[in-house]
Amino acid sequence: MISIQAINKAKRDRRTVRKDGVQIERDGTTRVINVEVIPLDNLRERAFLIVFEDTNRRATLAAATRREEAPG
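Since we're looking at a predicted model, the values are computed, not measured.

Draft legend 1. The arrangement of the side chain of Asn34 in detail. With respect to the secondary-structure elements, Asn34 resides in strand 2 (residues 29-40). By relative accessible area, Asn34 is classed as buried at 3%. Reaching out from Asn34, the side chain makes a polar contact with the backbone nitrogen of Gly21 at a distance of 3.0 Å.

Draft legend 2. Here's a closer look at the pairing of strand 2. Inspection of the sheet shows strand 1 (residues 17-26) paired to strand 2 by eight bridges, in the antiparallel sense. Paired with Arg18 across the strands is Glu36, a residue of strand 2. The antiparallel hairpin formed by strand 1 and strand 2 contains two residues in its connecting segment, where Asp27 sits at a positive phi of about 55°. Here strand 2 folds back onto strand 3 (residues 47-54) in antiparallel fashion, the turn holding six residues.

Draft legend 3. Expanded view of the pattern of salt bridges. For the structure shown, the criterion picks out eight salt bridges. Each of the salt bridges in this network shares a partner with another, and the network as a whole consists of Lys9, Arg12, Asp13 and Arg15.

Draft legend 4. Geometry of the sheet that holds strand 2. On the basis of which strands lie adjacent, the open sheet formed by three strands has the order 1-2-3 and antiparallel pairing. Each edge of the open sheet is held by one strand with a lone partner, namely strand 1 and strand 3. On average, each strand axis in the sheet is tilted by 30° relative to the strand beside it, whichever way the strands run. Relative to strand 3, strand 2 runs antiparallel, the two sharing eight bridges. Looking across to strand 3, one finds that Val37 is bridged to Ile50.

Parameters and conventions
- Residues numbered from 1 in each chain as written.
- Predicted model: local features only at pLDDT ≥ 70, side-chain atom pairs only at ≥ 80, totals over all residues.
- Heavy atoms only, no water.
- Helix = DSSP H or I, 4+ residues; strand = E, 2+ residues; numbered from the N terminus.
- Buried < 20%, exposed > 50% of the residue type's maximum accessible area, 1.4 Å probe, protein only.
- Polar contact = N/O pair within 3.5 Å; in protein donor to acceptor, adjacent residues only side chain to side chain.
- Pairing = 2+ DSSP bridges.
- Salt bridge = Lys/Arg side-chain N within 4 Å of Asp/Glu carboxyl O.
- Axes fitted to C-alpha atoms, helices over the stretch in contact; angles between N-to-C directions.

Now the structure itself:
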């Protein structure tokens, strides 16, 4: 699983790891997401922030922003 690989790489390299275009399946529907694993170094114990970004929602928001910014 690609997100496990990203977590292991972030652990090993102690830096943020991002994987774009990860396909996941839920309820028979395939979605494409981006995954970002961010090491949190300022804590007593080792921890990571894992961000899942829905690329479908991102594309929808970008299109709406372009429409709002278009002249006319």
